[in-house]
Amino acid sequence: MNLTTYLNMILITSFLLTNLKLNIMYTKTTLIALLCPLFMFSQNILDKKREKIEIEKIAYITKALDLSSEEAQVFWPLYNKYSDKKNEINIKRMKEFAKVKDNRSSLTEKEIGSIINKQLKMEQEILDLKVNYNKEFQKVISNTQISKLYHAEIEFRKKLLRRISKRNRS
């Protein structure tokens, strides 16, 4: 093989690789452009499902507590703040749990211990949140209603999980 043939082969290979890279970039860009609306559509569906569940939860709790209109006006903004804060903590907990679940074999004992301590700390945060908001709820509704609230939250979650489980089996 002479030098000219060798240089031609290098040029052709370089040209093909450049075109291949451009084709790959073009393909990726096209895929992203095509799939992006699909993801946005599916996110919109998830948001609507969450909203529907939240409406069902409000109706379930309102019925369980038998709130007067005056109580409801003061209770719901307070409960929504409580629920939002609890959800924030639970999301952080789930992320920490996922770290262990997905990487358990690659984590050291010390790292797993640290994650467990973070999870316990977040469970304590939820308990502290419940204690603090229990005091706030007592200013608005009776202890009997507060007891019904905690029971209604548990029962609604069970009802929702049964419905999801039933749907998954079908």
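In this report, the structure presented in the accompanying data block is examined. (Residues numbered from 1 in each chain as written. Predicted model: local features only at pLDDT ≥ 70, side-chain atom pairs only at ≥ 80, totals over all residues. Heavy atoms only, no water.)

**Quick word on helix H3 (residues 109-138)**
Taking 1.5 Å of rise per residue, the 30 residues of H3 would be expected to cover 44 Å, and the 43 Å separating its terminal C-alpha atoms lies within 8% of that figure. Residues Ile 112, Ile 115, Gln 119, Met 122, Ile 126, Leu 129, Tyr 133 and Phe 137 constitute the buried set of H3. On its buried face, H3 is in contact with helix H2 (69-103) and helix H4 (143-169). (Helix = DSSP H or I, 4+ residues; strand = E, 2+ residues; numbered from the N terminus. Expected span 1.5 Å × (residues − 1). Buried < 20%, exposed > 50% of the residue type's maximum accessible area, 1.4 Å probe, protein only. Contact = heavy atoms within 4.5 Å.)

**Some details on the pattern of salt bridges**
Within the structure shown, the criterion is met by 6 salt bridges. Note that Glu 136 is salt-bridged to Lys 139, the shortest N-O span being 3.3 Å. Given the relative accessible area of 64%, Lys 139 is considered exposed. (Salt bridge = Lys/Arg side-chain N within 4 Å of Asp/Glu carboxyl O.)

**Considerations on the layout of surface pockets**
Taken as a whole, the largest pocket spans an internal volume of roughly 1000 Å³. Every residue lining the largest pocket is counted, 26 residues in all, and those nearest its centre are Glu 54, Lys 57, Asn 87, Asn 90 and Arg 157. For the lining of the largest pocket, the secondary-structure elements that each account for two or more residues are helix H1 (3-65), H2, H3 and H4. It is H2 that provides the largest number of residues to the lining of the largest pocket, a total of 10 residues. Of the residues assigned to the lining of the largest pocket, the class counts are 12 nonpolar, 4 polar and 10 charged. Space inside the second largest pocket adds up to approximately 170 Å³. Together, Lys 49, Lys 52, Ile 53, Glu 56, Leu 160, Arg 163, Ile 164 and Arg 167 line the second largest pocket. Elements represented by at least two residues in the lining of the second largest pocket include exactly H1 and H4. For the lining of the second largest pocket, a count of residues per class yields 3 nonpolar, no polar and 5 charged. (1 Å grid on protein atoms, 1.4 Å probe; cavity = no way out; pocket = protein on both sides within 12 Å on 5 of 7 lines; lining within 4 Å. Points joined across faces, edges and corners; volume = space filled by probe spheres on them. Nonpolar A, V, L, I, M, F, W, Y, C, P; charged D, E, K, R; others polar.)

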